[in-house]
Amino acid sequence: MSGRVSAVGALMAAALGGALLTAAPAHSLTCSAPPGAPAESVEILGSEACGATTEGPGGAWSYGSGGVGFADSRGDSRVGAAGLDGGVGAAESAGGLLAAIGVGAGSLALGVLDQPGVAFVATGPGSQAFIGDATDPVLCEGETALAANVTTGQGCVVYGSFRYTTMP
């Protein structure tokens, strides 16, 4: 990975981390569907919500704090999602590790893995990002978005006017 992409990734992580630390909503919701048996957990409070579901062998965890987080685990996957300060994080995986975090109004972070793999997606206000399997497109739109499938090497990053997408 080039130094420029690494620096931009570090800057993006710092910006999203700062947004996470400055968001101070009045409520937060946590949903958990731990490994072991089929389970589903849903919490809704006004405009914030969380949902977690698993078939049994895998686990799903989500968090909604001024936003919506939804995690769906199929097979032996571990999935986490968070929606903060008006954002939406949604993750669905069958046999992989996947995380999705949406921070800020108009933010949507969406990840779907049908194959085993490791991936993450994160967005800031007014931005959208999607990551999936090797045959799926990668999408980063808006001002602050990051999506990466570590297993396939696919990904994209948007930070202000900087835009980068890996070639399939």
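Above this text you will find the structure in question.
**What to know about the nonpolar core**
Ala-91, Leu-98, Val-121, Ala-129, Ile-131, Cys-140 and Ala-147 are the most contacted members of the largest nonpolar core, which has 23 residues in total. Ranked by the residues each element gives to this core, the list is headed by strand 1 (residues 29-33), at 3 residues. When near neighbours in sequence (up to four residues on either side) are disregarded, Val-121 contacts Ala-99, Ala-100, Ile-101, Ala-109, Leu-110, Gly-111, Ala-129, Phe-130, Ile-131, Leu-146 and Ala-147.

**What about the environment of Pro-116?**
Inspection of the secondary structure puts Pro-116 in the loop between strand 9 (108-113) and strand 10 (118-123). By relative accessible area, Pro-116 is classed as exposed at 60%. The sequence separation of Pro-116 and Gly-75 amounts to 41 residues, and the corresponding C-alpha distance is 9.7 Å. Apart from residues lying up to four places away in sequence, Pro-116 is in contact with Ala-94, Gly-95, Gly-96 and Thr-151.

**As for the pattern of salt bridges**
Overall, the coordinates contain 3 salt bridges when judged by the stated rule. With its nearest N and O atoms 2.8 Å apart, the salt bridge here joins Arg-74 to Glu-92. Of this pair, Arg-74 sits in strand 5 (residues 68-74) while Glu-92 sits in strand 7 (residues 88-94), and the two are 18 residues apart along the sequence. Across the pair Arg-78 and Asp-76 runs a salt bridge whose closest N-O atoms are separated by 3.1 Å. Salt bridges sharing common partners tie together Arg-74, Glu-92 and Asp-114.

Reading the values: the criteria
- Residues numbered from 1 in each chain as written.
- Predicted model: local features only at pLDDT ≥ 70, side-chain atom pairs only at ≥ 80, totals over all residues.
- Heavy atoms only, no water.
- Core = buried A, V, L, I, M, F, W, Y, C linked by side-chain atoms within 4.5 Å.
- Buried < 20%, exposed > 50% of the residue type's maximum accessible area, 1.4 Å probe, protein only.
- Helix = DSSP H or I, 4+ residues; strand = E, 2+ residues; numbered from the N terminus.
- Contact = heavy atoms within 4.5 Å.
- Salt bridge = Lys/Arg side-chain N within 4 Å of Asp/Glu carboxyl O.

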